[in-house]
Every structure is written in C-alpha cells, then in structure tokens.
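# Inside the fold
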Amino acid sequence: MAVTIDLSGKSAIVTGGGRGIGRETALLLAQAGAKLTIADMDEASAQRVAEEIRGKGGAAIAARTDVTRAEETQQMVRAALAAHGRVDILVNNAAVWTTKLFKDMTPQDYDRDIRVTLYGALNSSRAALDPMMEQKYGRIVNLISDAGRIGEPYLTVYSAAKGGVAAFTKALAKEVGRYNITVNGVAP
Ligand SMILES: NC(=O)c1ccc[n+]([C@@H]2O[C@H](COP(=O)([O-])OP(=O)(O)OC[C@H]3O[C@@H](n4cnc5c(N)ncnc54)[C@H](O)[C@@H]3O)[C@@H](O)[C@H]2O)c1
C-alpha cells in the first residue's frame, strides 16, 4: 500500500542539508510539498540542493549556517521565516565525527565533535522553538545513532554526543508536547 505524506504549506529546515542523509531528507520533504531551508556551513552545497528542489518546481532557499554558533542558527530561522512565513519542521542532521582511539584524541577533536553534534542540535532547536511555540505546531527530528546507545569504539566522543542528543530528544519532547510540538529521534 502506498503511503502519501502531504506537507504542502509546511516549512522545513534541514541542517547539514547540503549532502548525504540531509540532502536526501530535504529532497523527500520537498517532494511531499514542504518549503525548504537548506542550512549548511558549506554554502555551495546548500545552494546546489536548493536549486535542485526549485528545478523540480519546489520552494527552497539556502542558508549558510554553522550550527555551533547560536546566532547563526537564529539567523537560519529568521531566513526561513522571511522566505516561507513559518517554521514547522526542523531536522537536526548536521554532525561530525572523529574516528580515532580515545587515547589518541585531542581536546580539539572532541570539542569539535561535541560542538557540532550536540550543541548544534541544541542551538538549532532553541532557535526554532520560538516560532513553533507561537504557532502551537512543530516537529523536531533529531538524527541520532546507535553509537549513542551501544557505544562504538573509535567513535567514543561521537557516541557521547549522540547519547546526549537522544536524552535531549526525550526530555524536550516532555517539555514541549503541550505546545503541539513533537520531538523524535531517527537512528539511520
Ligand atoms: N551515514 C551513516 O551511516 C549514519 C549512521 C547513523 C547516524 N548518522 C547521522 O546522520 C546524519 C547525517 O549523516 P551523513 O552521513 O549524511 O553526514 P555527512 O558528513 O555526509 O553530511 C553532514 C553535513 O553536515 C554539514 N555540517 C558539518 N558541520 C556543520 C556545521 N558546523 N554546521 C552546519 N552544517 C555542518 C556538512 O557540511 C555536511 O553537508 C548525522 O547526524 C549522522 O550522525 C549517519
């Protein structure tokens, strides 16, 4: 049985939407009718995905965003509101990982992994919550990972960050459910 999801009229932000799972997610959301904001620190890739969506008749803008910077995630949300009038869906997809034994990792390595993977989800969610709470509608989807549940060697800090995102997902869902905002995690 075919399942059709109709997201016409909805506005969605995908962080790290310039490539990989983020790009595919953005294309699927656009196919379902959503208007997209492709947020990525790699502006050229975000522009390419936005153009691809517009080329297929959809609505999309690119927003150069480093999710480790709270003010840039606020700007990302302002850009989505200016272009599409609402922010209904946020997909916290941007993440990075250092593949090394923990004993070989530097504080700079784990600072980067935690900042992008965990703080990125916090910053983007915090920025998107204001319009979502005002609208009394929101859907936040956090990309998590089995690494955060079982713990992966060579990916210790990424495992810690994703475990943090999973706990954040559950805790935030309990806080904002009363505003008709759901918060879910997807582990590819
Ligand atoms: N690929 C997998 O097998 C897998 C498995 C489990 C979970 N995941 C999760 O799925 C998500 C996507 O994975 P992927 O393999 O497509 O990743 P990817 O590395 O292919 O793409 C990540 C994107 O995030 C962007 N990005 C990196 N740092 C950023 C920052 N500071 N600000 C904004 N954008 C930034 C990159 O430019 C890139 O476009 C991640 O959250 C990852 O942890 C992936």
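## What about the packing of aromatic side chains?
By the definition in use, this model includes two aromatic pairs. Taking NZ or CZ as reference, K10 lies 4.5 Å from the ring centre of Y137, over its face. Its guanidinium or amino end placed over the ring of Y119, R115 lies 5.3 Å from that ring's centre, counting from NZ or CZ.

## As for the side chain of S125
Relative to the elements of secondary structure, S125 occurs in helix α4 (residues 107–135). Within the local environment of S125, its side chain forms a polar contact with the side chain of N92, the two groups lying 3.0 Å apart. When sequence neighbours within four positions are dropped, the list of residues in contact with S125 reads L90, N92, I140, N142, F168 and L172.

## Looking at the side chain of N93
Summarising the element assignment, N93 is placed in the loop between β4 (89–92) and α4. N93 sits in the buried class, given a relative accessible area of 13%. At 3.0 Å, the side chain of N93 forms a polar contact with the backbone oxygen of G16. When neighbours within four sequence positions are excluded, N93 is seen to be in contact with V14, T15, G16, I21, G22 and L143.

## Some words on empty space enclosed by the protein
Considering all chains together, one arrives at one cavity of 30 Å³ or more under this definition. Its boundaries defined by the atoms lining it, the largest cavity holds a volume of some 30 Å³. If you go around the largest cavity, the residues you meet are T15, V67, N92, N93, A94, V116, T117, G120, A121 and S124. Here the element with the most residues in the lining of the largest cavity is α4; it accounts for five residues. For the lining of the largest cavity, the residue count by class is four nonpolar, six polar and no charged.

## Remarks on the layout of surface pockets
By volume, the largest pocket is sized at about 680 Å³. As for the largest pocket, its lining consists of 29 residues, and the residues nearest its centre are R19, N93, A94, A95 and W97. The leading source of residues in the lining of the largest pocket is helix α1 (residues 20–31), at three residues. By residue class, the composition of the lining of the largest pocket is 13 nonpolar, eight polar and eight charged. Here the second largest pocket defines a volume of roughly 330 Å³. I5, L7, T25, L28, L29, Q31, A32, I89, V91, Y137, R139 and V141 together form the lining of the second largest pocket. Sorting the residues of the lining of the second largest pocket by element identifies α1, β4 and β5 (138–143) as the ones contributing at least two each. Among the elements that take part in the lining of the second largest pocket, α1 stands out by supplying four residues, more than any other.

## Overview of the sheet that holds strand β3 (residues 60–64)
Ordered by their spatial adjacency, six strands build an open sheet running β3-β2-β1-β4-β5-β6, and the pairing between neighbours is parallel. In this open sheet, the two edge strands, each paired with only one partner strand, are β3 and β6 (181–186). Averaged over all neighbouring strand pairs, the angle between strand axes comes to 15 degrees, with direction disregarded. Of the strands in this sheet, β2 (35–40) and β3 touch helix α2 (residues 43–55), which is tilted by about 175 degrees from β3. Most of the contacts of helix α6 (residues 156–176) go to β6, to which it runs at about 160 degrees, and overall it touches β5 and β6.

## Regarding the nonpolar core
Ranked by size, the top nonpolar core spans 19 residues in total, and within it A26, L29, L36, I38 and I53 carry the most contacts. Breaking this core down by element, the ones donating at least two residues are β1 (11–15), α1, β2, α2 and β4. Leave out the neighbours within four places in its chain, and I38 touches V14, G17, G18, A26, A46, V49, A50, I53, I61, A62 and A63. The next biggest cluster of nonpolar side chains, apart from the first, holds 17 residues, and it includes V77, A128, L129 and M132.

Scoring rules and cut-offs
- Counting restarts for each chain, with residues numbered from 1 along the sequence as it is written.
- Residues qualify for local features only when their pLDDT is at least 70, as the model is predicted, and side-chain atom pairs are given and counted only at 80 or more; totals for whole chains, interfaces and linings, by contrast, use all residues.
- No hydrogens and no water enter the side-chain calculation; it runs on all heavy atoms of the structure.
- Ring pairs shown here join Phe, Tyr and Trp side chains whose ring centres sit within 6.5 Å, with only the six-membered ring taken for Trp; geometry is labelled stacked below 30 degrees between planes, edge-to-face above 60, and tilted in between.
- For a ring to carry a charge above it, either NZ of a lysine or CZ of an arginine must fall within 6 Å of the ring centroid while also lying within 35 degrees of the normal to the ring plane.
- Runs of H or I in DSSP of at least four residues are treated as helices and runs of E of at least two as strands, each being numbered from the N terminus.
- In the analysis that follows, any N or O atom pair within 3.5 Å is treated as a polar contact, provided that within protein one partner can donate a hydrogen and the other can accept it, and provided that, for residues neighboring in sequence, both atoms belong to side chains.
- The contact rule is simple, with two residues in contact once any of their heavy atoms fall within 4.5 Å.
- Buried, partly exposed and exposed residues are distinguished by accessible area as a fraction of the type maximum, computed with a 1.4 Å probe on protein chains only: under 20%, between the cut-offs, and over 50%, respectively.
- Using a 1 Å grid laid over the protein atoms alone, points where a 1.4 Å probe fits but cannot get out form a cavity; open sets with protein on both sides within 12 Å along at least 5 of 7 lines form a pocket; any residue with an atom within 4 Å of a point counts as lining.
- Grid points are joined across faces, edges and corners, and a volume is the space filled by probe spheres set on the points.
- Classification used: nonpolar for Ala, Val, Leu, Ile, Met, Phe, Trp, Tyr, Cys and Pro, charged for Asp, Glu, Lys and Arg, polar for all others including Gly.
- Pairing between two strands requires that DSSP report at least two bridges joining them.
- For helices, the axis comes from a line fit to the C-alpha atoms of the stretch in contact; other axes are also lines fit to C-alpha atoms, and the angle between any two N-to-C directions lies between 0 and 180 degrees.
- As used in this record, nonpolar core signifies buried Ala, Val, Leu, Ile, Met, Phe, Trp, Tyr and Cys residues forming a set joined through side-chain atoms within 4.5 Å.

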